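Examination of the molecular architecture
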Amino acid sequence: MLTYIGRRILQAIPLLIGVSIIGFGLMHLAPGGPLAVYTLNPTITNQDIERIRVVFGLDQPVYIQYLKWAAGMFTGNWGFTFFGGRPVLDLIVERMPATFLLMGSALSLAIVLGVTVGLLGAVRRYSVFDYLASTGAMVALSFPTFWFGLMAIYFFAVHLRWLPSGGMFELGEKGSPLDLLRHLVLPVMVLSLVITAGWSRYARSSFLEVMHQDYMRTAKAKGLRAGQRLLRHAAPNAAKPLIALLGVELPVLFSGALVTETIFGWPGMGRLFVDALNMREYPILMGIVMVTAFFVIAGNLLADIAIALIDPRVRLA
Amino acid sequence: MHERLLDVRGLRTHFPIVSKILRRRIGSVRAVDGVDLSLGAGDVLGVVGESGSGKTTTGKTILKLIEPTEGSIVFEGRDITRLPAREMIPLRRRMQIIFQDPMSSLNPRMTVGRILAAPFEIHGIARGSKCRDRVAELLRLVGLPAEAAQRYPHEFSGGQRQRVGIARALALRPRLIIGDEPVSALDVSIQAQIMNLLMRLQRELGLTYILISHNLGVVSHVCNRVAVMYLGRIVETAPREALFFDPKHPYTEALLAAVPSAEPGSHRGRAVLGGDAPSPANPPRGCAFHPRCPRAMPRCAEEAPTLTNLTGGHQVACHLYTA
Amino acid sequence: MSAAVLQRAGVARRFSRHRLALFGGATVVLLCLSAFVAPAIAPRDPLLLDTSVRFLAPFARWPFILGTDELGRDTLSRLLYGGRISLTVGLVAMATTIVTGSLIGLCAGYFGGWTDTLLMRFIDTMLCFPQVFLLLVVAAFVPPTLISISLIIGLTSWMTVARIVRTEILHLREQDFVQAARALGASSGRIMFHELLPNIAAPLLVAATLNVAAAVLMESYISYLGYGMQPPLASWGNMLTNAQDYFDTVPWLAILPGVMITLTVMGFNFLGDGLRDALDPRLRMEP
């Protein structure tokens, strides 16, 4: 088992390096370079730009810049913002909890709902419920997340006035859990919609595939009740592709979180990203891109380890 | 006097076994492990053996579809062993192959006409209406109707598809055709049809064949020479009559004994082989056959026998006959 | 009837049984048609400002069938022209994705070895980036024209197609007809494009259809955020950018473009799913 984990970690390292190279390359391919906000500003003189260049270490050859930047990433020095000179890492870390709260809640809800719907659909195949669920999932997958969010805000916040229309806390209130919960409902609902839809379809097909295996019939012949069969035999085997899906869906979850945070004014990394985009704050953008990619890699690694725990065949491969 | 069309010496094809992590070579599958063959124009050589004997790999290596590890292949007097792929291309017009499985040997998304036109397109021989004429001629040659060109492979039976495969092999007018179990995947009644077609074509077009088969019965009628392979090596090779009526190698005897006879009364001695079929990745020391040989001697476990020449073009690799 | 005709009839029958797919197909055809003839049927110029008629409700006054926005521009016309833009972006992006993904998948699958390993690692690396993040960063640099946006959407979506193609090619590569082509002296290029590519046409078609849906969705995201199609050019996404401000007064401005996006994406998704069921029953996921 440990060798398997070690192998997977070794495989993840070139991925991290590749991600950093692509990210770094992106930043430097921008027209106007990483200092676009300055170079495109007519009031700043060329001399000033040169000085800023040197300060940011941009006068050195590209690979040196990359190595310095990579070393910085490792040691926690993620650079400073152009405006205000705040350390980028601190800024990002500040926003992480909000994003993870949103993503975590949405993911949990999506998994529970999605797997339940998918399971019921698989067990009662071709029933009315199944058709409705499947079609509903397809429709839900077609909604633009932000539009669904707008509709949700309009309906629940503007029209019915049940829930707040944005932000994480009411201004003034010191952050009671209830208040947080009220603010969390709509964003989580919106973010989890697409994920739930995708999950329910996968869960359904995964369960269907498992249910028709011979070992399930053997279990039934042995006299195990449906619940036992489901729990001890079907679930672990059906769970495998679903856990793998988790790793694959992680980037989608991040993308969705960005959009959701923007609509609801949720103070997370996604919002930060969009704000930084408007200001062309490349250090922040780079930092967030790297963080998300890192968490995707970590998430995939954890998913693989989880699968190896469930399925011994994987460890021996 | 026959000129020698093909001369193969000491051919070895080994496939490396690599460990998963660091891709280190931890062994090799010795699919072909020292094969000598010689063909004159007009010969029909049968190569027989069990699965795993390396006969298919030998055929594909001769055609350079698989790169040989060692040895030499001389075709039409030219050493093609290390010839790079690009230089092989014009030579491919003169050596072709017929595959075993009529299902997978034809591209399901192309019409028969396009499949047969491909050789002409690849070598720039003909296009357009001239190409169509050539295709029609090929179809006629193998006994298929001209309308077949518009159809897709799945619309044909196995035997008909194999005819298309034969037509494709003939398109460039090769001198040598290697048939890799050309009838093994067909119904017994069709097998005879296809074998007859192959023999007719051989006579009409002056072709040279290497026919690979696990079925001695199939090769017994059409070949003028037979080679028996075991675990990557040729253990016996002889003119057809000599092999069938006077086999020397114990393995050949066992194979012959297993062939169903048309005369129920005539029994050859039932030589049942003991032991398991060995693995080409881990061949036994000495003679590869000795663990299963009913006449093994102590020497057989030490020393691998080489092909010894007996009278009448009969060669055998067995210590029973080594000096 | 020859077996081929019967087989095609079978495909058509399975497809028509899938009513959702028919609905999807009809929607797609309708949308493409309306996008095509938009200049002919739009009541007014979508760019025409007229603050005297701003904020009209749908059906309030002819010819503003679906009302007007905050600058007095006719909503129906903007929706029609926006459809042209969104569909064009969707199709060009899809073409980019399919071409890039097929090329990379073909090379990785056919050549194997180090080529395959390197390309697979590259694909894995690209997949680590959430698409919206990647898109926005690049969209912020590039001048936002129709072509540039379509290209960058296409160039960030090809990874799944490449994987699908690679898997298929890996399987096909072992078939005898590929060896036969090599035995005939065919070049690698000829084998990849003449022999292998036609065999993956079916999964490619399915992937292409689903990809249009995804591309239209992506375009709406980045246009909504202001980095896609720029006003005054209408795209369904950017029509929604300011809609939030006018919720109290003119909610339909926020509802209508979203409905159009949803219908379009749904249409292509249903169509793609139906195609997948019809062309390869092994891949069925839905009842």
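Residues numbered from 1 in each chain as written. Chains lettered and ligands numbered in written order. Predicted model: local features only at pLDDT ≥ 70, side-chain atom pairs only at ≥ 80, totals over all residues.

Attention now goes to the overall build of chain C. Counting its secondary structure elements, chain C contains 13 helices and zero strands. Tracing chain C from N to C terminus, the helices and strands come up as α-α-α-α-α-α-α-α-α-α-α-α-α. In chain C, once contacts between residues fewer than 6 apart in sequence are set aside, the share between residues at least 24 apart is 71%. (Helix = DSSP H or I, 4+ residues; strand = E, 2+ residues; numbered from the N terminus. Contact = placed C-beta atoms within 7 Å.)

Turning our attention to the sheet that holds strand β2 (residues 25-40) of chain B. Residue and element names in this part refer to chain B. Reading across the sheet, the four strands line up as β2-β1-β4-β5 and stay open at both edges, with antiparallel pairing between neighbours. Two strands bound the open sheet, and with one partner strand each, they are β2 and β5 (78-79). Pairing of strand β1 (residues 4-18) with strand β4 (residues 70-75), which is carried by five bridges, proceeds in the antiparallel orientation. Bridging from a neighbouring strand, R12 pairs with E70 of β4. (Pairing = 2+ DSSP bridges.)

Quick look at the sheet that holds strand β10 (residues 233-239) of chain B now. Residue and element names in this part refer to chain B. Read from one edge to the other, the open sheet built from eight strands follows the order β6-β7-β8-β3-β9-β10-β12-β11, with strand pairing classed as mixed. The two strands at the open ends of the sheet, each matched to only one other strand, are β6 (95-98) and β11 (308-309). Strand direction decides the pairing type here: β6 and strand β7 (residues 176-180), joined by four bridges, are parallel. Along β7, the bridge assignment pairs I97 with I178. The strands that helix α9 (residues 250-258) touches are β3 (44-48), β9 (225-230) and β10; relative to β9, the one it contacts most, it runs at about 105°. (Axes fitted to C-alpha atoms, helices over the stretch in contact; angles between N-to-C directions.)

Contacts between the two partners involve 23 residues from chain B and, on the opposite side, 17 residues from chain C. Where the side of chain B that touches chain C is concerned, the elements lending two or more residues are β6 and α3 (112-122) of chain B. The element that contributes the greatest number of residues to the side of chain B that touches chain C is α3 of chain B, accounting for three residues. The class makeup of the residues in the side of chain B that touches chain C is 11 nonpolar, six polar and six charged. (Nonpolar A, V, L, I, M, F, W, Y, C, P; charged D, E, K, R; others polar.)

Further remarks concern unusual backbone geometry. Residue and element names in this part refer to chain B. With a phi angle near 55°, E76 is a residue other than glycine that sits in the positive phi range. Positive phi values are uncommon outside glycine, yet L231 reaches one of about 50°. Within the element layout of this structure, L231 appears in the loop between β9 and β10. Exposure remark for L231: the 24 C-beta atoms within 10 Å place this residue in the buried category. (Buried ≥ 20, exposed ≤ 12 C-beta atoms within 10 Å, placed from the backbone.)

Residue and element names in this part refer to chain B. In terms of burial, β3 is a largely internal element, five of the five residues being buried. By the alternation rule, side chains of β3 split into V44, G46 and V48 and L45 and V47, which are all buried. One ladder, built from five bridges, connects β3 with strand β8 (residues 208-213); its direction is parallel. Residue pairing in the sheet places G46 in a bridge with L211 of β8. In this structure, β3 lies alongside β9, joined through four bridges in parallel fashion.

Low pLDDT marks regions whose predicted coordinates should not be analysed in detail. On average, chain C scores 84 in pLDDT, and the residues at 70 or more come to 90%. Below a pLDDT of 50 lies the segment residues 282-287 of chain C, which in the model reaches 11 contacts outside its immediate sequence neighbourhood of four places, other chains included. (pLDDT = per-residue confidence, 0-100.)

Moving on, we come to the packing of helix α5 (residues 158-170) of chain B against helix α6 (residues 188-205) of chain B. All names here are of chain B. For the pair α5 and α6, the least separation of the axes is 10 Å and the interaxial angle reads 20°. Compared by their axis directions, α5 and α6 come out roughly parallel. For the pair α5 and α6, the crossing hand works out as right-handed. Where α5 abuts α6, its residues G158, G159, Q162, R163, I166 and L170 lie against I190, Q193, I194, L197, L198 and L201. A breakdown of the residues in the contact of α5 with α6 according to their chemical character gives seven nonpolar, four polar and one charged. (Parallel < 35°, antiparallel > 145°, perpendicular 65-115°, else oblique. Left-handed = near helix turned anticlockwise from the far one by under 90°.)

Position of A12 of chain A relative to the elements: it lies in helix α1 (residues 2-29). For the pair formed by A12 of chain A and A298 of chain A, sequence separation is 286 residues and the distance between their alpha carbons is 8.4 Å.

Before going further, it helps to spend a moment on helix α10 (residues 226-264) of chain A. Every α-helical turn comprises 3.6 residues, leaving residues that sit three or four positions apart pointing alike. All names here are of chain A. Between its first and last C-alpha atoms α10 spans 43 Å; for 39 residues at 1.5 Å apiece the expected length is 57 Å, and the helix comes up short by more than 12%. Of all bends in α10, the biggest is about 50°, found at A234, and the proline P236 comes one to four residues later. Immediately beyond the C-terminal end of α10, within one or two residues, lies G265, with a positive phi of roughly 60°. (Expected span 1.5 Å × (residues − 1). Bend = angle between axes of the 7 residues up to and from the residue.)

Right, let's get into the arrangement of the chains. Of all two pairs of chains in contact, the one with the most contacts involves chains A and C. If you take every C-alpha in chain A and every C-alpha in chain B, the smallest gap between them is 8 Å, and the two do not touch.

Here chain B averages 87 in pLDDT, and 93% of its residues register 70 or above. Across chain B, β6 of chain B holds the top mean pLDDT of 95, while helix α7 (residues 216-222) of chain B sits lowest at 83.

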